[in-house]
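Per-entry structural report
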Amino acid sequence: MNGAEYIVKFLEKKGVDLVFGYPGGAVLFLYDVLGRSSIQHILTRHEQGAIHAADGYARVTGKTGVCLATSGPGATNLVTGIANAYLDSVPILVLTGQVGVESIGRDSFQEADIVGITMPITKHNYLIKEIDALPEVLEEAWKVAREGRPGPVLIDIPKNVFTGTVDFPEVLSSTRKQKIPFKNGLNKQLGRIVGVLKKAQRPLLFAGGGVVSAGAEEELAEFVKYSGIPVVTSLMGKGVIPEKEGGSLGMIGMHGQPVANLALSACDVLIALGTRFSDRVTGNPQHFLTDTCIIHVDIDPAELFKNVHIDLPVVSDAKKFLQMLLLALREAKVSFTLNSWWEQIKAWAQEYPLAFTSGSLLKPQEVIREVARQAEDEPIVVTDVGQHQMFVAQHYPVQGKRSFVTSGGLGTMGFGLPAAMGAAFGRPGETVILFTGDGGLQMTAQELAVIAQYQLPVKVFMLNNSCLGMVRQWQELFFNGHYAQSVFTSGPDYLKLAEAYGVKAWQISKPEEAKALVSKALQHPGPVVVECIVDPEENVLPMVPPGGKPNEMLGRWHGETHISRLG
Amino acid sequence: MVKHTLAVLVENRPGVLSRVAGLFARRGYNIESLVVGETEDKTVSRITLVVEGDERVIEQVSKQLNKQVEVIKIQDITNEETVERQMLLIKVSAGPEDRQEILQLMEIFRCRVVDIGRRSLIIEATGDEGKIEAIMQSLKPFGIKELVRTGKVAMVRGAK
């Protein structure tokens, strides 16, 4: 068996039925074999599209995404997508071709040191110099991408390795040295946690992306049902608890729900599950909840004590932790009386609603709410990055498991469209709703070709404000309205652009058109692009200015028309 | 800020050192010195690192290192009873009038002269940080022409 055949057989054995990629000189042998296999290959129109699609695919399925590219520019075009997956802990196996082993280091045609380039943005990466290493490396890479905290793993494979011969081993033995496993301290800490929770007057549970990775949605729901403890989420944790029934107070942080941020500031015990306390959540980490007892549970020991001071660290998977905690609470017969806490929360929700005012121009929030109102069957919701992303986080209640896809950590503009495409491949038959902006769409619009080719049910709602909304907002608030390079003075005709790719397109230009056109778009069987001409001056509020405390929110409070600060 | 000595056992494979060094750079930690070499097991290398930072920083460093696939074990040996050594090669100006005095000094420090030139000597010294510093200070007045030193290697003493 040659190297290429081995790789394809390995992927088949791992249950991979779909890969995203883009061929080139160094991977010709691999593609020759792949083309004859049972694995479906999706030819994207740019390598960045392939990696984001693999990312979206992995997020909605919980499986490992697989992405292929050739050497040099093929590999370097993946870099943004790899970093994106790394920051959001998404398991992806990236296979890149490399020039032949003999040519490495000679600045050969299409040679780039992709292992060196991606070292800081992969969980681990490999350059295979001898074909004998192939079986072990593939096996280990597959495992590393998934185990513990997931992440992208890259294997760089020189051309001649694809053609060399290798045996498919019956049993693989690792040559790795055994590491001493990290003590998780769960049993020791459980007693203390139960003790703290018993006395808690205003407990709050903060769920992050780790709860999604762990597949702990049911356990979380059970815990909430048992304890009645209110839940807030990070952007990555959005949707981990169905949002329509008010199960969650919403997202906290820079653009969090007012009630969620107020509850965060006031809680006396915070159970933080699978979150890394990003600066978008904490503001200044030195001043973050200094009087609150913080229980921090994460599968990655390096996340504990990294950003904020915590009181009770636990190294654990969110699922296991919740199971054990529930068991311990039941055994100790702990019951929670949180009536006054909930009354306070409800009072805040009333006094500080997530407000916006309609006008003659269409507001981004209006379209998002209209789509949410009309969309049935818990669609997958995908966003790009920027103002619209925050509006979706605030106004679109997400329901289903693994049904919210967004670029959280890296904030990658251009992520949306290819990620939506990958999500549609991952969950065939389900509707995918993408909210994007005119900035982000133009970064990876070429993938409309693939969406059209496969007639994927991707409903693109492009909120066109003719500017880079979030940049514009910051320039308005912090740079005295000096809108340097944030306004597009010319753009393509988006309807023609979509139609050129073979995608049906409509435009909503007035608020009163929204209802009918959203309905039309959702009922149309294939992909659609709906260009929504929105008020360019609408800002995402509330906003915690960088470095502020969670309750120090800028917003329009108590029906005022001007922006003032709470807290 | 306290200096910490970390003994890091890693797999002896290509690229491991650049992984470890790169991790320090991108997480914003400073490496004061780094020595790497094979151990009694040829498949394992030992990196002895001296890092400056408070407890929080050192804990982060250790945890981040531990996440690397090729890192086997990390030990902070700062507060252990250890034998530590570094090595110094120093080329000092030594005209006929100074030679005797330099040689006497070197006797006291138990150093070795490894090269004699017309107007200079090369001296080899090993010892802990304090001794190396003292030797350098004592030779300074004669004029140091060239100096090279290794980082620190350290080993925890055996149980008594």
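Residues numbered from 1 in each chain as written. Chains lettered and ligands numbered in written order. Predicted model: local features only at pLDDT ≥ 70, side-chain atom pairs only at ≥ 80, totals over all residues.

1. Let's talk about the overall build of chain A
Within chain A one finds 23 helices and 20 strands. Here the C-alpha atoms of chain A give a radius of gyration of 24 Å, agreeing with the 24 Å that 2.2 N^0.38 yields for 567 residues. Based on the C-alpha atoms only, the size of chain A along its principal axes is roughly 70 × 60 × 40 Å. When burial is assessed residue by residue, chain A has 54% of its 567 residues classed as buried. Put simply, 76% of the contacts in chain A that link residues at least 6 apart link residues at least 24 apart. (Helix = DSSP H or I, 4+ residues; strand = E, 2+ residues; numbered from the N terminus. Rg over C-alpha atoms; globule rule 2.2 N^0.38 Å. Buried ≥ 20, exposed ≤ 12 C-beta atoms within 10 Å, placed from the backbone. Contact = placed C-beta atoms within 7 Å.)

2. Let's talk about the overall build of chain B
Helix and strand content of chain B: four helices and nine strands. Listing each helix as α and each strand as β along chain B from the N terminus yields β-α-β-β-α-β-β-α-β-β-α-β-β. For the C-alpha atoms alone, the extent of chain B along its principal axes is close to 60 × 35 × 30 Å. Out of the 160 residues in chain B, the part that is buried amounts to 22%.

3. Comments concerning the sheet that holds strand S17 (residues 504–508) of chain A
Residue and element names in this part refer to chain A. Strand order in this open sheet of six strands is S14-S13-S15-S16-S18-S17, and the pairing throughout is parallel. Among the strands making up the open sheet, the edge pair consists of strand S14 (404–405) and S17. Two strands pair when backbone bridges link them, and strand S15 (residues 432–437) and strand S16 (residues 458–464) are joined in this way by six bridges, in the parallel orientation. Bridged to Phe435 within S16 is Phe461. Packing of helix H16 (residues 364–374) onto the sheet brings it into contact with S15, S16, S17 and strand S18 (528–533), and relative to S16 it is tilted by some 165 degrees. (Pairing = 2+ DSSP bridges. Axes fitted to C-alpha atoms, helices over the stretch in contact; angles between N-to-C directions.)

4. Details of the domain arrangement of chain B
All names here are of chain B. In terms of domain boundaries, chain B breaks down into domain 1 (3–76) and domain 2 (83–156). Each of domain 1 and domain 2 has a C-alpha centre, and these two points are 29 Å apart. Each partner contributes residues to the interface: domain 1 has seven residues there, and domain 2 has five residues. For the side of domain 1 that touches domain 2, the elements supplying multiple residues, two or more each, are strand S1 (3–11), strand S2 (31–38) and strand S3 (44–52). (Domains from an automatic or database assignment.)

5. Some points on the interface of chain A and chain B
Contacts between the two partners involve 11 residues from chain A and, on the opposite side, 14 residues from chain B. Tallied by class, the residues present in the side of chain A that touches chain B amount to seven nonpolar, one polar and three charged. (Nonpolar A, V, L, I, M, F, W, Y, C, P; charged D, E, K, R; others polar.)

6. So, the domain arrangement of chain A
Residues and elements named next belong to chain A. Domain boundaries in chain A define domain 1 (3–163), domain 2 (186–351) and domain 3 (364–540). Here the C-alpha centre of domain 3 lies 29 Å away from the C-alpha centre of domain 1. Listed as interface residues are 23 residues of domain 1 and, on the opposing side, 25 residues of domain 3. Breaking the side of domain 1 that touches domain 3 down by element, the ones donating at least two residues are strand S1 (18–22), helix H3 (47–61) and helix H5 (79–87). Among the elements that make up the side of domain 1 that touches domain 3, the one with the highest residue count is H3 (11 residues). Here the residues of the side of domain 1 that touches domain 3 are counted per class, giving nine nonpolar, 10 polar and four charged.

7. Side note on helix H1 (residues 16–27) of chain B
A rise of 1.5 Å per residue sets the reference length of H1 of chain B, with its 12 residues, at 16 Å; its end C-alpha atoms lie 17 Å apart and thus fit the reference within 8%. Looking one or two residues past H1 of chain B, Gly28 of chain B carries a phi angle of roughly 80 degrees, positive in sign. (Expected span 1.5 Å × (residues − 1).)

8. Topic: the packing of H16 of chain A against helix H23 (residues 514–523) of chain A
Residue and element names in this part refer to chain A. The interhelical angle for the contact between H16 and H23, taken along N-to-C directions, is 50 degrees, at an axis separation of 10 Å. The orientation of H16 relative to H23 falls into the category oblique. Between H16 and H23 the crossing geometry is right-handed. Within the contact between the two elements, H16 uses Glu366, Val367, Glu370, Val371 and Gln374 and H23 uses Ala514, Lys515, Val518, Ser519 and Leu522. Counted by class, the contact of H16 with H23 contains five nonpolar, two polar and three charged residues. (Parallel < 35°, antiparallel > 145°, perpendicular 65-115°, else oblique. Left-handed = near helix turned anticlockwise from the far one by under 90°.)

9. A few points about the sheet that holds S2 of chain B
Residues and elements named next belong to chain B. On the basis of which strands lie adjacent, the open sheet formed by four strands has the order S2-S3-S1-S4 and antiparallel pairing. The sheet is open, and its two borders are formed by S2 and strand S4 (71–76), each paired with just one other strand. Averaged over neighbouring strand pairs, the angle between their axes works out to 15 degrees when direction is ignored. Direction of pairing for S1 relative to S3: antiparallel, over a ladder of nine bridges. Bridge pairing in S3 places Val10 opposite Ser45. Seen against the sheet, H1 touches S1, S2 and S3 and runs at an angle of roughly 145 degrees to S1.

10. Observations regarding the environment of Glu55 of chain B
All names here are of chain B. Within the secondary structure layout, Glu55 lies in helix H2 (residues 55–67). A residue is classified by how many C-beta atoms lie within 10 Å of it, and Glu55, with 11 of them, is exposed. When the C-alpha atoms of Glu55 and His4 are compared, they prove to be 9.2 Å apart, with 51 residues separating the residues in sequence.

11. A look at the nonpolar core
Grouped together as the largest cluster of nonpolar side chains are 179 residues, with contacts concentrated most on Cys67 and Phe461 of chain A. The contact partners of Phe461 of chain A, leaving out residues within four places of it in the chain, are Val367, Val371, Ile433, Leu434, Phe435, Val530 and Cys532 of chain A. (Core = buried A, V, L, I, M, F, W, Y, C linked by C-beta atoms within 7 Å.)

12. Section: the packing of H16 of chain A against helix H17 (residues 387–395) of chain A
All names here are of chain A. At a minimum axis separation of 10 Å, H16 and H17 run at an interaxial angle of 50 degrees. In terms of orientation, H16 and H17 fall into the oblique class. At the point where H16 passes H17, the crossing takes the right-handed sense. Facing Pro364, Gln365, Ile368, Arg369 and Ala372 of H16, the residues of H17 in contact are Gln387, His388, Phe391, Val392 and His395. Its residues assigned to classes, the contact of H16 with H17 shows five nonpolar, four polar and one charged.

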